[in-house]
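# Results of the structural survey
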Amino acid sequence: MASKLTPPLNQYDHVLGAQHPVIELIEFGDYQCPHCGAAFPIVKQLQKTYVKNMLFAFRHFPLTNAHEYAFTAAVAAEAAGRQDRFWEMHDLIFENQDQLSEELFPELAKAIGLNMAAFGRDLADPALTEKVEADFESGVRSGVNGTPSFYINGHKYNGSYDYDGLSAAIEQHITVKH
Amino acid sequence: MLTKNDLAPDFELKASPDESFSLQQFRGKNVILAFYPADWSPVCGDQMALYNEMLTIFAKYNAVLLGISVDSKWCHKAYADQRKLRFPLLADFEPKGAVSRKYGAYDEKEGQSERALFVIDGNGVIRWSYLSPILVNPGADGIIEALETITTSTTTNHGVKTHTSA
């Protein structure tokens, strides 16, 4: 299988990190998936370690039949993104993963100081639903077979999502580049 | 295992105590056949959960998805209910594995279907097949690429599907 990031990183992605990255780490994740919850602090640690040369991006891959709040959570993060607060919402959702509910998202929005009227409007905006669906479809095309799935510089990483495995793969790409 | 351009053997299998499906009944539609080893096993769960989220994408390509394993109709019903699966799981149960064998996707040693994918066009011709290592969830990028190829070859310049079952 191809297992190449399709489409490649683009202006619609939420990105965080180095301006001129040697490494692009992309995660396809589901906010209600316990494995993604477990990977969350690991990604944070990687971002710290490779702060100078890594860019991190997150694409949504909600399994809506298995996880009833996964899709709404993704839209809530996108709605926060409309107010340039995607990553704050992203972090808070993962940090509160064990208590996801419909009521939680407005609470989180309030906690990060979002304009609540705009947040409410954006939650219902079909454009954001389409953004989440487009992320999912790009995951399917990229060969995502479960969450979390990671791509390093466009290629699927098939190891386990522990720190050592991911950082070893990242180091390899850094070595190859220089 | 059957491959590209082979004719897909017809079958009729139970999906639940009161539902059965044949390949023939989907003539004119593209069919994705996903053989898998067993209900409830972890890798299959991920694979079927993934495909379950993709039904609207498959529908865009005029395609239906059928899962097949040697589990019984009762087992399939319980599994589909518990996982909220919205596509049929077919029971290749009696004679055990007969349909899997016809497609060359039966593991004699384990007594279960292989993890094998087939994309069949509206005329019953296999357009793509893939045998996955038993422990690896193959994802769906190969399925989508195969469906795209079929759709492109049966699409007019205006992007309207013709659905001719010539």
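Residues numbered from 1 in each chain as written. Chains lettered and ligands numbered in written order. Predicted model: local features only at pLDDT ≥ 70, side-chain atom pairs only at ≥ 80, totals over all residues. Heavy atoms only, no water.

This next bit is on the overall build of chain A. When helices and strands are tallied, chain A shows 7 helices and 5 strands. Rg of the C-alpha trace for chain A: 16 Å, near the compact-globule value of 16 Å for 178 residues, within the 12% margin. Judged by the C-alpha coordinates and their principal axes, chain A covers about 50 × 30 × 30 Å. Put simply, chain A has 178 residues, and 53% of those count as buried. Taking contacts inside chain A between residues at least 6 apart in sequence as the whole, the part at least 24 apart equals 77%. When the accessible surface of chain A is totalled, it reaches about 8200 Å², and 52% of it is carbon and sulfur. Averaged over its 13 positive side-chain charges, chain A has a centre that lies 7 Å from the centre of its 23 negative ones. (Helix = DSSP H or I, 4+ residues; strand = E, 2+ residues; numbered from the N terminus. Rg over C-alpha atoms; globule rule 2.2 N^0.38 Å. Buried < 20%, exposed > 50% of the residue type's maximum accessible area, 1.4 Å probe, protein only. Contact = heavy atoms within 4.5 Å. Areas by Shrake-Rupley, 256 points an atom, 1.4 Å probe, with all protein chains shown as cover. Lys, Arg positive; Asp, Glu negative; His and termini not counted. Charge placed at Lys NZ, Arg CZ, Asp CG, Glu CD.)

Our focus in this paragraph is the environment of Asn65(A). Inspection of the secondary structure puts Asn65(A) in the loop between strand 3 (54-60) and helix 2 (70-82). Residue classification places Asn65(A) among the buried positions, given a relative accessible area of 16%. In sequence terms Asn65(A) and Gly139(A) are 74 residues apart; their C-alpha atoms lie 17 Å from each other. If we ignore the near neighbours within four places in the chain, the residues touching Asn65(A) are Asn52(B), Glu53(B), Lys84(B) and Arg86(B). Within the structure, Asn65(A) has its side chain in polar contact with the side chain of Arg86(B) (distance 3.1 Å). (Polar contact = N/O pair within 3.5 Å; in protein donor to acceptor, adjacent residues only side chain to side chain.)

Let's shift gears to the interface of chain B and chain A. Often the size quoted for an interface is simply the accessible area lost on bringing the parts together. In this assembly, 22 residues from chain B lie in contact with 17 residues from chain A. Where chain B abuts chain A, roughly 1500 Å² becomes buried across the two surfaces, and 54% of that area is made up of carbon and sulfur atoms. On the chain B side of the contact with chain A, Leu50(B), Glu53(B) and Asp141(B) bury the most area, a combined 38% of that side's loss. Taken together, the links from chain B to chain A amount to 2 salt bridges. Glu137(A) is paired through a salt bridge with Lys60(B); the nearest N and O atoms lie 3.1 Å apart. (Buried area = accessible area lost by both parts, 1.4 Å probe. Salt bridge = Lys/Arg side-chain N within 4 Å of Asp/Glu carboxyl O.)

Here we take up the sheet that holds strand 1 (residues 14-17) of chain A. Residues and elements named next belong to chain A. With respect to topology, 5 strands assemble into an open sheet ordered 1-3-2-4-5, the strand pairing being mixed. With one partner strand each, in any of the chains shown, strand 1 and strand 5 (155-157) form the two edges of the open sheet. With strand direction ignored, the average angle separating the axes of adjacent strands in the sheet is 25°. Note that strand 2 (residues 23-29) and strand 4 (residues 149-152) share 4 bridges and pair antiparallel. Within strand 4, the position partnered with Glu27 by the bridge is Phe150. (Pairing = 2+ DSSP bridges. Axes fitted to C-alpha atoms, helices over the stretch in contact; angles between N-to-C directions.)

Attention now moves to the packing of aromatic side chains. All names here are of chain B. Tallied over the entire structure, the rule returns 17 aromatic pairs over all chains. With a centroid separation of 5.7 Å and 80° between ring planes, the pair formed by Phe35 and Phe118 is classed as edge-to-face. Remark: Phe118 occurs in strand 8 (residues 115-120) and Phe35 occurs in strand 3 (residues 30-35); sequence separation between them is 83 residues. Taking relative accessible area as the criterion, Phe35 reaches 0% and is therefore assigned buried. (Phe/Tyr/Trp six-rings, centres within 6.5 Å; stacked < 30°, edge-to-face > 60°.)

Residue and element names in this part refer to chain A. Counting buried positions over the 10 residues of helix 3 (residues 86-95) gives 8, a clear majority of the element. Of the positions making up helix 3, those classed as buried are Phe86, Trp87, Met89, His90, Asp91, Leu92, Ile93 and Phe94. Looking at the buried side of helix 3, the elements it contacts are strand 1, helix 1 (34-49), strand 3, helix 2, helix 4 (104-111) and helix 5 (116-123).

Residues and elements named next belong to chain A. Between Thr6 and Pro7 the backbone carries a cis peptide bond, its omega angle lying at -10°. Of note, the amide linkage connecting Thr147 to Pro148 takes the cis form, showing an omega dihedral of -5°. Looking at the secondary structure, you find Pro148 in the loop between helix 6 (126-142) and strand 4. Despite not being glycine, Asn153 shows a phi value in the positive range, around 50°.

Moving on, we come to the pattern of salt bridges. Under the counting rule described, the total for this entry stands at 13 salt bridges over all chains. Here Lys44(A) ties to Asp91(A) by a salt bridge, and the two come within 2.8 Å at their closest N and O atoms. You can see Lys44(A) sitting in helix 1 and its partner Asp91(A) sitting in helix 3, a full 47 residues away along the chain. Judged by relative accessible area, Lys44(A) falls into the partly exposed class, the value being 31%. The partner of Glu137(A) in a salt bridge is Arg141(A), and the shortest N-O contact between them spans 3.5 Å. Taken together, the residues span about one helical turn, with Glu137(A) and Arg141(A) both in helix 6 at a distance of 4 residues. Taken together, the shared-partner salt bridges in this structure form one network comprising Glu137(A), Arg141(A), Lys60(B) and Glu148(B).

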